[in-house]
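Structural features, examined
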2 protein chains.
Amino acid sequence: MKVKLVTNILVANERIAEENRKIFQDAGVYVINIMSGPGAGKTSLLERTIKEVGGAIKIGVIEGDIAGTDDAERIDRLGIPVVQINTGGACHLDANMIREVMDELPIKDLDILFVENVGNLVCPAEFKLGEDMKIMLLSIAEGHDKPLKYPLMFQESSALLLNKIDLLPYTNADLGKIKKDSLSLNPKLKIFDISCKTGEGISEWVKWLTALIKQ
Amino acid sequence: MKVKLVTNILVANERIAEENRKIFQDAGVYVINIMSGPGAGKTSLLERTIKEVGGAIKIGVIEGDIAGTDDAERIDRLGIPVVQINTGGACHLDANMIREVMDELPIKDLDILFVENVGNLVCPAEFKLGEDMKIMLLSIAEGHDKPLKYPLMFQESSALLLNKIDLLPYTNADLGKIKKDSLSLNPKLKIFDISCKTGEGISEWVKWLTALIKQ
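Computed from a predicted structure; not experimentally measured. (Residues numbered from 1 in each chain as written. Chains lettered and ligands numbered in written order. Predicted model: local features only at pLDDT ≥ 70, side-chain atom pairs only at ≥ 80, totals over all residues. Heavy atoms only, no water.)

1. A short note on the side chain of B:Asn20
Residues and elements named next belong to chain B. Secondary-structure assignment places Asn20 in helix α1 (residues 2-27). A polar side-chain atom of Asn20 sits 3.0 Å from the main-chain carbonyl oxygen of Leu129. Residues within four places of Asn20 in sequence aside, it is in contact with Ala95, Ile98, Arg99, Met102, Leu129 and Gly130. (Helix = DSSP H or I, 4+ residues; strand = E, 2+ residues; numbered from the N terminus. Polar contact = N/O pair within 3.5 Å; in protein donor to acceptor, adjacent residues only side chain to side chain. Contact = heavy atoms within 4.5 Å.)

Below is the structure:
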């Protein structure tokens, strides 16, 4: 019974996601769904990326949170078009939420639309939004057991940004194990070591991103 | 439509949770539901607590994870009765999962049964399991914006364990803001600063816990 409910929700979601994807394609905007657990640094990555890119790539942002507008305010301060979704209780964004807010952004004028999902290593990986690519962050302070405990997000993502790399000397995290287990789940995964605090690794990530959307 | 589904699931869950609670009460075991985001240190807290308690309190553990048995193996190595739930895709434990595994543990011989929920700051707070108390961990490396972004878990918990306090000098986290915002959501919340790595604060937590169950 429970399985049936979930299946129906996911099927309905995929239909809407497919429609979103068509709208984004027609508008010529590349859509990236950013996922992670809480506090892994998704908004900080956006801030760093926006600053590194400068005006070279036109960026817009959809922020997803259970509650609050902190993240949208941080993006707004950088002069970037942004809209905040508050999901109420829902632990993930779904395609219909994206549909509801997309008209608030000038999508035809954008090169990249980043969608910052709710902080959750589980459900966001199950719900397509109509994106071109999913990426994920993992804070190395979360420990090296995460890939094997939350496999789906690692399998669904095209890039894994290992953030807070500056904390590595102060934790027991085994970076080699994180990378090995992540690649065993998803051999095509592109992995970046970054620190949104110090800026380490951000230029490599932005170079990769720029090359990708200019294809 | 979606709201209706969620309501039905939650109502059905509460009925089973109430039955679980009655079973646990009859067995004389105090049940604690431990919640947090991924990698905040729930299993490490259990390890530290088990060692600090020694034989004075009889402890059993139910481990909840999407996949894998790492956490149950860590508890098993300490000679503690433990059973692992793998939820498949589900991002939280529910009352029926607890019902399914409770007979695997000698609940009549236990003083405390810890239930380690799936690492997720959202849904675990919505699903009652039949517990006497919910507690939560927050890793200070997750940042100080978490209480206002994930309010329900802070509201539902009786204690908040601020873990990885040893990382404080290396982060921008504002500990005062975490505490102020958490208490504004839940004025009765008991807050502990702890480090499962160094052992800081563990004895205060265990003292509080011991006093609580001996009431």
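2. Regarding the sheet that holds strand β4 (residues 112-116) of chain A
All names here are of chain A. The strand order across the open sheet built from seven strands is β3-β2-β4-β1-β5-β6-β7, with neighbouring strands paired in parallel fashion. Both outer strands of the open sheet, β3 (82-86) and β7 (190-193), are each paired with one neighbouring strand and no more. For this sheet the average axis-to-axis angle between neighbouring strands, irrespective of direction, equals 20°. As paired elements, strand β2 (residues 59-65) and β4 share five bridges and run parallel to each other. When the bridges of β4 are listed, Glu63 appears paired with Glu116. (Pairing = 2+ DSSP bridges. Axes fitted to C-alpha atoms, helices over the stretch in contact; angles between N-to-C directions.)

3. As for the layout of surface pockets
Computed from the structure, the second largest pocket encloses a volume of approximately 740 Å³. Elements represented by at least two residues in the lining of the second largest pocket include exactly α5 (146-149) of chain A together with α2 (42-53), β2 (59-65) and α3 (70-76) of chain B. Residue contributions to the lining of the second largest pocket peak at six residues, all from α2(B). For the lining of the second largest pocket, the class distribution of residues is nine nonpolar, 12 polar and 17 charged. (1 Å grid on protein atoms, 1.4 Å probe; cavity = no way out; pocket = protein on both sides within 12 Å on 5 of 7 lines; lining within 4 Å. Points joined across faces, edges and corners; volume = space filled by probe spheres on them. Nonpolar A, V, L, I, M, F, W, Y, C, P; charged D, E, K, R; others polar.)

4. Here's the deal with the packing of α2(B) against helix α8 (residues 202-213) of chain B
Residue and element names in this part refer to chain B. Viewed as axis vectors pointing N to C, α2 and α8 meet at an angle of 70°, and their least axial separation amounts to 10 Å. Regarding the angle of α2 to α8, the classification is roughly perpendicular. Residues Leu45, Arg48, Thr49, Glu52 and Val53 of α2 form the contact with α8, whose own contacting residues are Ile202, Ser203, Trp205, Val206 and Leu209. For the contact of α2 with α8, the class distribution of residues is six nonpolar, two polar and two charged. (Parallel < 35°, antiparallel > 145°, perpendicular 65-115°, else oblique.)

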